[in-house]
Amino acid sequence: MEIHANTVIIATGASAKWLGLESEQKYRSIGGVSACAVCDGFFYRGKDVAIVGAGDTAAEEATYLAKLCNKVYMIVRREEMRASKAMQHRVLNTPNIEVLWNTDTKEVLGDDKGVNAVIVTNSKTGEDRKLDVYGFFVAIGHKPNTDVFKDWLEMDEAGYIKTIPGTSKSNVEGVFAVGARTPPHRRPQPRHGAPEAVPGHDVHVVIPHAVRRQPVTTTHLVFVVHATGQPDGAGELPGHLAHVALVAGLQAPLDDVVGPWARRDACRGAGFPAPGGV
């Protein structure tokens, strides 16, 4: 299928990086392994959990889990964290967080109900330790789902789409990149409290004011391209376009594709009044 549009907003997200353990992947399906503490931490209220990672995200998620869980083991591969001093201070001063330095995850254990333990190894002593935990969280970074665009758009060495500083504009006119598929230090500040609302200002430059205030014709289409994935950013189909949604005021087609709630949010995010009164 070939689709033509004046404007394309790329919102393909990013996929969580995993340790690569077979048992890790097994319990992602059965239950107990997650890449999003905010999404899944509630399920482990009052229980012991472990999180692997040493950056700001890992530190933030560890402190979040500490508010819900009985104890949090933070597994750090080196003898120091990459997190900011402020985040390290928060972690080290949270009573129910135990940081395991110089430690690697060896195996995730469990049964048909989910995770019930993790085996870790001290890289200096070689000693194994069994952690009796019911949740295992991985916070070691993300990979942007942008492979499909590599032949058309400029990207950095990590695969993030390069944008003009302070905007969501890519190197191709009419193509905008938003959210986790752009480098963190180059993302514009969100407007209206939602990261995906950022390109609205840029799109306004492309589409005439008169067009934005009335039903849009087929010569002024805006498409949002995004990938499906779990709430934790797992991205089951990294690099593949899960669906393309019209957001430019065409009512029935968009309802058929993504439903009225998505039509409303997408239109608002792109700077259009939501058609159909939703």
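The preceding data block contains the structure.
Residues numbered from 1 in each chain as written. Predicted model: local features only at pLDDT ≥ 70, side-chain atom pairs only at ≥ 80, totals over all residues. Heavy atoms only, no water.

**Q** Got a minute to help me understand the overall build of the protein in this structure?
**A** Scanning the protein from terminus to terminus reveals eight helices and 14 strands. By residue count, 47% of the 278 residues in the protein fall in the buried class. The long-range share in the protein, meaning contacts at least 24 apart out of those at least 6 apart in sequence, stands at 56%. About 14,600 Å² of surface is accessible on the protein, with carbon and sulfur atoms providing 52% of the total. (Helix = DSSP H or I, 4+ residues; strand = E, 2+ residues; numbered from the N terminus. Buried < 20%, exposed > 50% of the residue type's maximum accessible area, 1.4 Å probe, protein only. Contact = heavy atoms within 4.5 Å. Areas by Shrake-Rupley, 256 points an atom, 1.4 Å probe, with all protein chains shown as cover.)

**Q** Mind showing me how you'd approach the nonpolar core here?
**A** Note that soluble globular proteins tend to have their nonpolar side chains buried in a common cluster. Ranked by internal contacts, the top residues of the largest apolar core, which has 23 residues, are Ile51, Leu65, Val72, Met74, Met81 and Ile97. Going through the elements one at a time, strand 4 (48-52), helix 3 (56-68), strand 5 (71-75), helix 4 (85-92) and strand 6 (97-100) are the ones with two or more residues in this core. (Core = buried A, V, L, I, M, F, W, Y, C linked by side-chain atoms within 4.5 Å.)

**Q** I keep staring at the sheet that holds strand 7 (residues 103-111) and nothing clicks. Help me out?
**A** By way of backbone hydrogen bonds, the strands of a sheet pair with one another, either parallel or antiparallel. Pairing is antiparallel in the open sheet, where three strands are placed in the order 7-8-9. Unpaired on one side and paired on the other, strand 7 and strand 9 (128-131) mark the two borders of the sheet. Pairs of neighbouring strands in the sheet enclose a mean axial angle of 25°, with direction left out of account. Where strand 7 and strand 8 (residues 114-122) come together, eight bridges link them in antiparallel fashion. By the bridge assignment for strand 8, Val108 is matched with Val118. (Pairing = 2+ DSSP bridges. Axes fitted to C-alpha atoms, helices over the stretch in contact; angles between N-to-C directions.)

**Q** How should I be thinking about the pairing of strand 6 in this particular structure?
**A** Working note: regular strand, side chains alternate between the two faces of the sheet. Sheet topology note: the strand 5/strand 6 ladder contains four bridges and is parallel. Directly across from Val72, in strand 6, lies its bridge partner Ile97. The parallel pair strand 5 and strand 6, bridged by helix 4, forms a crossover whose chirality is right-handed. (Right-handed = clockwise from strand over helix to strand, strands pointing away.)

**Q** Could you clarify how one ought to interpret the packing of aromatic side chains in this entry?
**A** The relation between two aromatic rings is expressed through the spacing of the ring centres and the mutual angle of the planes. Using the criterion set out here, one finds two aromatic pairs in the structure. Summarising the aromatic geometry, the rings of Phe42 and Phe43 are spaced 6.2 Å apart at their centres and angled 75° between planes, so their arrangement reads as edge-to-face. Plain terms: the ring middles of Tyr44 and Phe137 are 5.6 Å apart, the flat faces sit at 85° to each other, and that makes the pair edge-to-face. Remark: Phe137 occurs in strand 10 (residues 135-138) and Tyr44 occurs in the loop between helix 2 (37-40) and strand 4; sequence separation between them is 93 residues. Judged on exposure class, the residue Tyr44 and its partner Phe137 are both buried. Above the plane of the ring of Tyr134 lies Lys47, whose end atom (NZ or CZ) is 5.5 Å from the centre. (Phe/Tyr/Trp six-rings, centres within 6.5 Å; stacked < 30°, edge-to-face > 60°. Lys NZ or Arg CZ within 6 Å of the ring centre and 35° of its normal.)

**Q** Help me understand the state of the cysteines in this model?
**A** The final tally for this structure, using the stated rule, is one disulfide. One disulfide in the model links Cys36 with Cys39; its S-S distance is 2.2 Å. Taking the torsion about the S-S bond as the criterion, the Cys36 to Cys39 disulfide, at about 70°, is right-handed. Judged by relative accessible area, which is 10%, Cys36 ranks as buried. (Disulfide = S-S within 2.5 Å.)

**Q** Looking at this structure, I do not really get the side chain of Ser23. What am I missing?
**A** Of note, Ser23 is situated in helix 1 (residues 22-30). On the accessibility criterion, Ser23 (6% relative accessible area) is buried. Polar side-chain contacts of Ser23 include one of 3.1 Å to the side chain of Glu107. Contact partners of Ser23, with chain neighbours within four places excluded, come to Glu107 and Val108. (Polar contact = N/O pair within 3.5 Å; in protein donor to acceptor, adjacent residues only side chain to side chain.)

**Q** Looking at this model, I keep getting lost on the environment of Asp40. Mind explaining?
**A** Along the polypeptide, Asp40 turns up in helix 2. Residue classification places Asp40 among the partly exposed residues on the basis of a relative accessible area of 23%. Put simply, Asp40 and Phe137 are 97 residues apart on the chain and 9.2 Å apart in space, counted from C-alpha to C-alpha. Here the side chain of Asp40 touches Ser34 through a polar contact of 2.6 Å, side chain to side chain.

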